[in-house]
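# A look at the structure
Given next are the chains, with one letter for each unit.
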Number of protein chains: 4
Amino acid sequence: MTSSADVTPELEDLYRGFERELLVPLWTEIGDLMPAHPRSRAVPHLWRWQRLRELAARAGELVPVGRGGERRAIALANPGLGGRPFATPTLWAAIQYLMPGEDAPEHRHTQHAFRFVVEGEGVWTVVDGDPIAMRRGDFLPQAGWNWHAHHNATAKPMAWIDGLDIPFQYVTDTQFFQQGRDRLSDAEHATPDRSRSERLWGHPGLRPVAASTGGPGTAGSPLFAYRWEHTDRALADQLAIEAEGFGGTVQPGHAAVRFTDPATGADVLPTIRAEMHRITRGTQTAPVRETGSSVYAVFDGSGTVTVGAATWSVTRGDLFVVPSWEPFSARSEAGATDSDSGALDLFRFSDSPVFEALGLARTEGTAR
Amino acid sequence: MTSSADVTPELEDLYRGFERELLVPLWTEIGDLMPAHPRSRAVPHLWRWQRLRELAARAGELVPVGRGGERRAIALANPGLGGRPFATPTLWAAIQYLMPGEDAPEHRHTQHAFRFVVEGEGVWTVVDGDPIAMRRGDFLPQAGWNWHAHHNATAKPMAWIDGLDIPFQYVTDTQFFQQGRDRLSDAEHATPDRSRSERLWGHPGLRPVAASTGGPGTAGSPLFAYRWEHTDRALADQLAIEAEGFGGTVQPGHAAVRFTDPATGADVLPTIRAEMHRITRGTQTAPVRETGSSVYAVFDGSGTVTVGAATWSVTRGDLFVVPSWEPFSARSEAGATDSDSGALDLFRFSDSPVFEALGLARTEGTAR
Amino acid sequence: MTSSADVTPELEDLYRGFERELLVPLWTEIGDLMPAHPRSRAVPHLWRWQRLRELAARAGELVPVGRGGERRAIALANPGLGGRPFATPTLWAAIQYLMPGEDAPEHRHTQHAFRFVVEGEGVWTVVDGDPIAMRRGDFLPQAGWNWHAHHNATAKPMAWIDGLDIPFQYVTDTQFFQQGRDRLSDAEHATPDRSRSERLWGHPGLRPVAASTGGPGTAGSPLFAYRWEHTDRALADQLAIEAEGFGGTVQPGHAAVRFTDPATGADVLPTIRAEMHRITRGTQTAPVRETGSSVYAVFDGSGTVTVGAATWSVTRGDLFVVPSWEPFSARSEAGATDSDSGALDLFRFSDSPVFEALGLARTEGTAR
Amino acid sequence: MTSSADVTPELEDLYRGFERELLVPLWTEIGDLMPAHPRSRAVPHLWRWQRLRELAARAGELVPVGRGGERRAIALANPGLGGRPFATPTLWAAIQYLMPGEDAPEHRHTQHAFRFVVEGEGVWTVVDGDPIAMRRGDFLPQAGWNWHAHHNATAKPMAWIDGLDIPFQYVTDTQFFQQGRDRLSDAEHATPDRSRSERLWGHPGLRPVAASTGGPGTAGSPLFAYRWEHTDRALADQLAIEAEGFGGTVQPGHAAVRFTDPATGADVLPTIRAEMHRITRGTQTAPVRETGSSVYAVFDGSGTVTVGAATWSVTRGDLFVVPSWEPFSARSEAGATDSDSGALDLFRFSDSPVFEALGLARTEGTAR
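This report concerns the structure included in the present document.

## Some points on the overall build of chain A
- Within chain A one finds seven helices and 23 strands.
- A globule of 368 residues ought to have a C-alpha radius of gyration of about 21 Å, and chain A, at 22 Å, matches this closely.
- Principal-axis analysis of the C-alpha atoms gives chain A an extent of 75 × 55 × 45 Å.
- When burial is assessed residue by residue, chain A has 64% of its 368 residues classed as buried.
- Looking at chain A alone, contacts between residues at least 24 apart form 74% of all its contacts between residues at least 6 apart.
- Here chain A carries 35 positive and 46 negative side-chain charges, and the mean point of each set is 4 Å from the other.

What follows is the structure, encoded as structure tokens:
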């Protein structure tokens, strides 16, 4: 580093010249710009579901949903990222809340999005005119530029988790947005048990011969709902196969599935990977670190998670952030809540597809 | 054409010179070699299931199954292809038959294969040590170079349809073959309701994070069974969506699903496309022609099919061939048999993936 | 093999039943259909350039070129392939001959083609209206469905080698053909030193921003000429880098370049790989075997080549065939002819892209 | 926007609750986060080459080059990006300066980089041990994780332009960095006219059969130098083809080539597109806007460029920035300097490959 050079008056003068001309030397910045490995400004942080839920409910009383604000969504703001509503440098995570009978108006945007339901039901998200029920454990992706709205068809409020690539598209200046119709049609207010999307694309390994999968700007899965019953069964199957003496799990006691686009087998959204992990009671996962960041939501069970230097006890609904290259591990433990599966179920989403597409992905620890 | 040229003694002499030197002029062959469009030596032909079944049963009595002959399989020999066991220039289609308690020994080969069950049950195909039940309507792919054997765990014989790319690999000289163990282990004689393959890969849109999908020479779907209950439901869903006023079908009254590799969304086998078509009672499909050839099996219902100049009444189990560029259409009609779905269900396999991979695919008629 | 079973009258009867129903059992055919490794019906064979040249010249005197016969091309007919004009099961290789002032009429076809010039010059091939000079050492690909014609602008006849995938498209029934205009325009009779194709696409690593690369059916390189000066220099450079102590060659004394599509880096034609190999004086290449077949033309120098059990001394212009999985090696030796490079230069084309696209390629010996 | 809601004490209280919990509501931020189209914080800005050159020369006198600071590079800091050394949100552009006899020490990093030479010569960049001459007009890419150093073998200082994806990898936390050897070997201090890279990969459409193209982390072109003589000729050829009445140019009077990876035909670096545009005297290009940002350097000639609301007269070496979705156009005009080509030659690099890989690219105006 040239910082050891005495800062002579001549050098001072040079640096002032740089400033005047809107120039910055590499040699004073290289430690920050080009570290030996990623050192994120984002920090590990945990948000408690109960507190999120309370504030969202209060917003439900005080803040209307409608055109302009568009959604009653409240975003996690990583303390390392200057107060911006960015859970990580690339990912948005929010709790969204809809009151009985409310509609969130239709719009579309290039940002890729999904909903994940930790508790409750009663809202239908309407993607390209197809009403899709949302229930505990369901994962509902909606790739960029699909029209979408939400309506609460019941007499109870409902909260869920939204994930988007808003920060990524914000820092790279790629975002487009359009408002749609102010009101859904009666047909779109329907409350079917299965959506058209699921009926066309939700059969394992079966592709509709006639269906195309979207045009420009609508890459991403044509399947708009991944139901908990399938996810749960897939995780249970992996653990059963492991118990029979065959592989199938990430490591002993640690099952995981990735949500994928049935038309391509690729990640469910072009910029977002989503997975569900099940860690059996007493299992401690091996530390893993990866380029890129993740947000985790505790879906079920309780346990202890470690992100870099931070360790937290977590339970249903808690959300936390794993910045780039911070080691992550988890341990499943008996907790206050009853677990459906007798295990710690962690929903995770990350920005990995961005880096895999560009050849920038690296992983250390358990192979994924 | 130079054929108009008088065949002078000098020309005769030249042609004899060509023969001596193992040469052939283009100008006398071009009409055959480079036609305006494909004119296959293969011809449309129909084989009746009942007759196949009888001869296979007789072979069950007379011909043992074991090492050397390997399989009690009897192949369709297209009358245009010189008595070779080739249903089309690229595709093999056979009826295979296994007696109660019999085992077909383990082997592997680069030829891509599948089983399709028109009737009966009781045989497990064991792919890479994973026993997989075979039941009416199931489609069971097994990509090249996977070890596989079959065993009949019941007291009744069972017949099914085998499809492979034997002719393609034969004419292009790409085939490798190895014998495996002569006997399956007890564990492989198990008769589970669901295979490990289905438990790992059979959940819609869900990919096991830990599972890799085969190494060199084992491209093709890691899902070894596509169950009739899923196929049937997917077809019924398409027709229901159409009835609700949305698309989803190939054309009105004509639903179709393609069997795909859940890891890639591509065709289930690198050289073979497989689909199930459902044509509702009274529907007449529009004529389609394609580069490449298909074999159809009537899975259920009855009707009339037209292949080029040939028209046949068909019913359950009947097999027929559509050569390259011959127009194909079908009409569903009430027949003697009871149909599960009230429709004509046609299973189809073709060599389309070969030509799509090489940019040689063309289609005329209904878009697929 | 079940042939050990005594052929009882009952079995005879069964086999006659098979015949009547156009069926063939696997167990009597499996040795031929599913060998342990490829055993091609094609055999190693050598054609001498001088003899080809003489017969082609005689055809130039006796056989007109025109509509119908289309081309004065004389094809190698592998002795193992039943007298068909197939050098290998998938590849066509021919000598084409054009008299002074002659035109070969315009047409197009789905078959992928190239020209390679062993000696002479004076013909322009006109691809999509772009006249392209042909000179010794030049490789001139022309992917399927491009219009093309040839005209000899000089007072001397010219011969060259044509390579196509005619047999592959013939056996798989994918070929389409159309006649074009009977006469070229004056502009197309131009004899430019460089074609438009070369001026747009012939700059290393530089892609024209505006140029698209063909539509449906015209996959394959947009560069229609690969000039000998570049090929020769690339081979000399590889040998020089090797001499400096770095790699770059296939093995010591054996340099090789592959002709590729500059728009994709892939093989120059979707179904045909083309390469030039230079083997320095005294070098003996290691035996290699591959799935799929090759045709070699001796471009320069002389030496000994071994294909399976056959060994031949070869010199400029000689053509020979390497069937699938037959080991091939070559040795460069001083011969009667003067060599430009002091080495044995072998032009090779093969069907490898077909098998790489389908996951069926295997190689044994020197990595390529 | 819900801002129309009166900010009641209850709402104030809610917002304070959000702050305490590190939460931010969408409804107050949506206008900034999800605009109708990209509205970059980066602004159009121009840096004059002469001023850059002077400050770099002064740095040459005052600031040593060595381990720690690594490079005497001075970066453009877009006035909209808070003083960070980011020309655009994703791209780094700097002038680098090396004194006679100086070496810049070896290192490697995941950031993708290139050098572009506006004037001068005398420095060799040594990529993976291969010394590569740098001369006016040359474009020298060096994909991430390749070892590289620079040495000035002459008695004169030399300046050039560096382009990297430092900001992109900084904001997404993907960067790794390693120092290499402190001194180059004598062999690496060689000053060859052509590098090994060019001798292996610099022949149009010819791929070395033996050469692989890098391992993990070294995606990007294996060709480390794109020489001006080729670029210049390609541009001249396009304009000549246009003059003959065929296409080939982006629009009349506007030729352009893209630097591509000869092994894949893709962009030369996974995250950076690089092109050279030639605009003939008097030509005015049509306004274009694109998602993603560009940096332009005037290589030759002079003219007027318009970026959004800004218009500047530019001449050799001037650098300017086009933020995402800002319309860009240029006009070539006679200026004080003599132009080699009689035209305005603009070198451009952008982050387009990132957005094309992710399906986020949009363009309005002249197709590219």
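## Brief notes about the interface of chain A and chain D
- At the junction of the two partners, chain A supplies 85 residues and chain D supplies 84 residues.
- Both sides of the chain A and chain D interface together cover about 7500 Å² of buried area, and 69% of this is carbon and sulfur.
- Joining chain A to chain D, the criterion identifies eight salt bridges.
- The partner of Arg-84 of chain D in a salt bridge is Glu-29 of chain A, with the nearest N and O atoms 3.6 Å apart.
- Counting only elements with at least two residues in the side of chain A that touches chain D, the list comes to α1 (9-20), β1 (23-25), α2 (30-33), β2 (45-47), α3 (49-62), β3 (73-76), α4 (166-172) and α7 (352-357) of chain A.
- Class assignment for the residues of the side of chain A that touches chain D results in 48 nonpolar, 21 polar and 16 charged.

## Remarks on helix α3 (residues 49-62) of chain B
All names here are of chain B.
- Between the first and last C-alpha of α3 there are 20 Å, a value that for 14 residues agrees with the 20 Å anticipated at 1.5 Å per step.
- Among all positions in α3, only Trp-49, Leu-52, Leu-55, Ala-56, Ala-59 and Gly-60 are buried. When α3 is viewed along its axis, its buried side chains cluster within an angular range of 155° and face the same direction. Across α3 from its buried face, at more than 90 degrees, point the exposed residues Gln-50 and Glu-61.

## Comments concerning the packing of α3 of chain B against helix α1 (residues 9-20) of chain C
- At a minimum axis separation of 10 Å, α3 of chain B and α1 of chain C run at an interaxial angle of 155°. Judged by the inter-axis angle, α3 of chain B sits roughly antiparallel to α1 of chain C. Judged by the sense of rotation from one axis to the other, the crossing of α3 of chain B with α1 of chain C is left-handed. Where α3 of chain B abuts α1 of chain C, its residues Leu-55, Arg-58, Ala-59 and Leu-62 of chain B lie against Glu-10, Leu-11, Leu-14, Gly-17 and Phe-18 of chain C.
- By residue class, the composition of the contact of α3 of chain B with α1 of chain C is six nonpolar, one polar and two charged.

## Observations concerning the arrangement of the chains
- For the non-touching pair chain A and chain C, the nearest C-alpha separation works out to 18 Å.
- What separates chain B from chain D at the closest point of their C-alpha atoms is a distance of 18 Å, and the two make no contact.

## Quick word on the relation of the copies chain B and chain A
- Its rotation angle being 180°, the transformation that places chain B on chain A also includes 0.0 Å of axial translation and leaves an RMSD of 0.0 Å. Taken together, the rotation and translation relating the two chain copies correspond to the operation of a two-fold axis. By C-alpha distance to the rotation axis, the residue of chain B lying nearest is Pro-204 of chain B, at 2.1 Å.
- Comparing interface residues between copies, 100% of those in chain B also lie at the interface in chain A; the contact surface is shared.

## With respect to helix α6 (residues 228-243) of chain C
- The first and last C-alpha atoms of α6 of chain C sit 22 Å apart over 16 residues, in line with the 22 Å expected at 1.5 Å per residue.
- For α6 of chain C, the secondary structure elements touched by its buried residues are β14 (254-259), β15 (273-280), β17 (294-300) and β22 (343-350) of chain C together with α5 (196-201) and β13 (206-208) of chain D.
- Phi turns positive, to about 100°, at Gly-245 of chain C, one or two residues after α6 of chain C.

## Examining the pairing of strand β20 (residues 319-322) of chain D
Residues and elements named next belong to chain D.
- Across the two faces of β20 the burial is the same, with Leu-319 and Val-321 and Phe-320 and Val-322 all buried.
- Sheet topology places strand β17 (residues 294-300) next to β20; four bridges connect them, and they run antiparallel. Bridge pairing links Ser-294 to Val-322 in β20.

## Observations concerning the environment of Thr-110 of chain A
- For Thr-110 of chain A, the position within the fold is in the loop between β5 (103-109) and β6 (113-116).
- Between the C-alpha atoms of Thr-110 of chain A and Asp-162 of chain A, which are 52 residues apart in sequence, the distance is 15 Å.
- Beyond its immediate chain neighbours, meaning those up to four positions away, Thr-110 of chain A contacts Gly-144, Trp-145, Gln-169, Thr-174, Gln-175 and Phe-176 of chain A together with Leu-360 and Arg-362 of chain D.
- Within the structure, the side chain of Thr-110 of chain A is placed 2.9 Å from the side chain of Gln-169 of chain A, a separation counted as a polar contact.
- There is a polar contact of 3.5 Å between the side chain of Thr-110 of chain A and the backbone oxygen of Thr-174 of chain A.

## Regarding the interface of chain B and chain A
- Listed by partner, the interface residues are 39 residues for chain B and 39 residues for chain A.
- With both sides pooled, the region where chain B packs onto chain A buries about 3600 Å², and carbon together with sulfur makes up 63% of that total.
- Looking at the side of chain B facing chain A, the largest losses of area belong to Pro-204, Leu-206 and Val-209 of chain B, adding up to 20% of the total buried there.
- The interface formed by chain B and chain A includes four salt bridges.

## Some words on the packing of aromatic side chains
- Evaluated as defined, the whole model comprises 82 aromatic pairs over all chains.
- Centre to centre, the rings of Trp-228 of chain A and Phe-299 of chain A are 4.5 Å apart; their planes meet at 50°, and the pair counts as tilted. Of this pair, Trp-228 of chain A sits in helix α6 (residues 228-243) while Phe-299 of chain A is found in strand β17 (residues 294-300), placing the two residues 71 residues apart along the sequence.
- According to the relative accessible area criterion, Trp-228 of chain A is buried, its value standing at 12%.
- Aromatic side chains Phe-114 of chain D and Phe-347 of chain D sit 5.5 Å apart centroid to centroid with 65° between the ring planes, which places their arrangement in the edge-to-face category. Linking Phe-114 of chain D in strand β6 (residues 113-116) with Phe-347 of chain D in strand β22 (residues 343-350), this pair joins segments that are 233 residues apart in sequence.

## A closer look at the environment of Leu-358 of chain A
- In this fold, Leu-358 of chain A is placed in the loop between α7 and β23 (363-364).
- A relative accessible area of 3% places Leu-358 of chain A in the buried class.
- Once residues within four sequence positions are removed from consideration, Leu-358 of chain A is found in contact with His-112, Phe-168, Pro-270, Thr-271, Pro-353, Val-354 and Ala-357 of chain D.

## Side note on the side chain of Glu-290 of chain C
Residues and elements named next belong to chain C.
- Here Glu-290 is to be found in strand β16 (residues 289-290).
- We classify Glu-290 as buried; its relative accessible area is 13%.
- Polar side-chain contacts of Glu-290 include one of 3.3 Å to the side chain of Arg-348.

## Here we look at the pairing of β5 of chain A
All names here are of chain A.
- The buried fraction of β5 amounts to six of the seven residues, a majority that puts the element mostly inside the structure.
- The pairing of β5 with strand β12 (residues 177-179) spans three bridges and is antiparallel. Of the residues in β12, the one forming a bridge with His-107 is Gln-179.

## As for the pattern of salt bridges
- Using the criterion set out here, one finds 128 salt bridges over all chains in the structure.
- Linking Arg-16 of chain A and Asp-13 of chain A is a salt bridge whose minimum nitrogen-to-oxygen distance equals 3.9 Å. Highlighted residues: Arg-16 of chain A and Asp-13 of chain A, both in helix α1, separated by three residues, approximately one helical turn.
- Residue Arg-16 of chain A is classed as partly exposed on the basis of its relative accessible area, which comes to 43%.
- Given the relative accessible area of 45%, Asp-13 of chain A is considered partly exposed.
- In this structure, Asp-173 of chain B and Arg-41 of chain C form a salt bridge, with 3.6 Å as the shortest nitrogen-oxygen distance. Separated into two different chains, Asp-173 of chain B in the loop between α4 (166-172) and β12 (177-179) and Arg-41 of chain C in the loop between α2 (30-33) and β2 (45-47) make up a pair that spans both.
- What makes Arg-41 of chain C partly exposed here is its relative accessible area of 31%.
- One network of salt bridges, in which partners are shared, links Arg-258, Glu-275, Glu-290 and Arg-348 of chain A.

About the cut-offs
- Residues numbered from 1 in each chain as written.
- Chains lettered and ligands numbered in written order.
- Predicted model: local features only at pLDDT ≥ 70, side-chain atom pairs only at ≥ 80, totals over all residues.
- Heavy atoms only, no water.
- Helix = DSSP H or I, 4+ residues; strand = E, 2+ residues; numbered from the N terminus.
- Rg over C-alpha atoms; globule rule 2.2 N^0.38 Å.
- Buried < 20%, exposed > 50% of the residue type's maximum accessible area, 1.4 Å probe, protein only.
- Contact = heavy atoms within 4.5 Å.
- Lys, Arg positive; Asp, Glu negative; His and termini not counted.
- Charge placed at Lys NZ, Arg CZ, Asp CG, Glu CD.
- Buried area = accessible area lost by both parts, 1.4 Å probe.
- Salt bridge = Lys/Arg side-chain N within 4 Å of Asp/Glu carboxyl O.
- Nonpolar A, V, L, I, M, F, W, Y, C, P; charged D, E, K, R; others polar.
- Expected span 1.5 Å × (residues − 1).
- Arc of directions from axis to C-beta.
- Axes fitted to C-alpha atoms, helices over the stretch in contact; angles between N-to-C directions.
- Parallel < 35°, antiparallel > 145°, perpendicular 65-115°, else oblique.
- Left-handed = near helix turned anticlockwise from the far one by under 90°.
- Least-squares fit on C-alpha atoms with pLDDT ≥ 70 in both.
- Pairing = 2+ DSSP bridges.
- Polar contact = N/O pair within 3.5 Å; in protein donor to acceptor, adjacent residues only side chain to side chain.
- Phe/Tyr/Trp six-rings, centres within 6.5 Å; stacked < 30°, edge-to-face > 60°.

Such coordinate-based values are descriptive only and should not be taken to indicate function.
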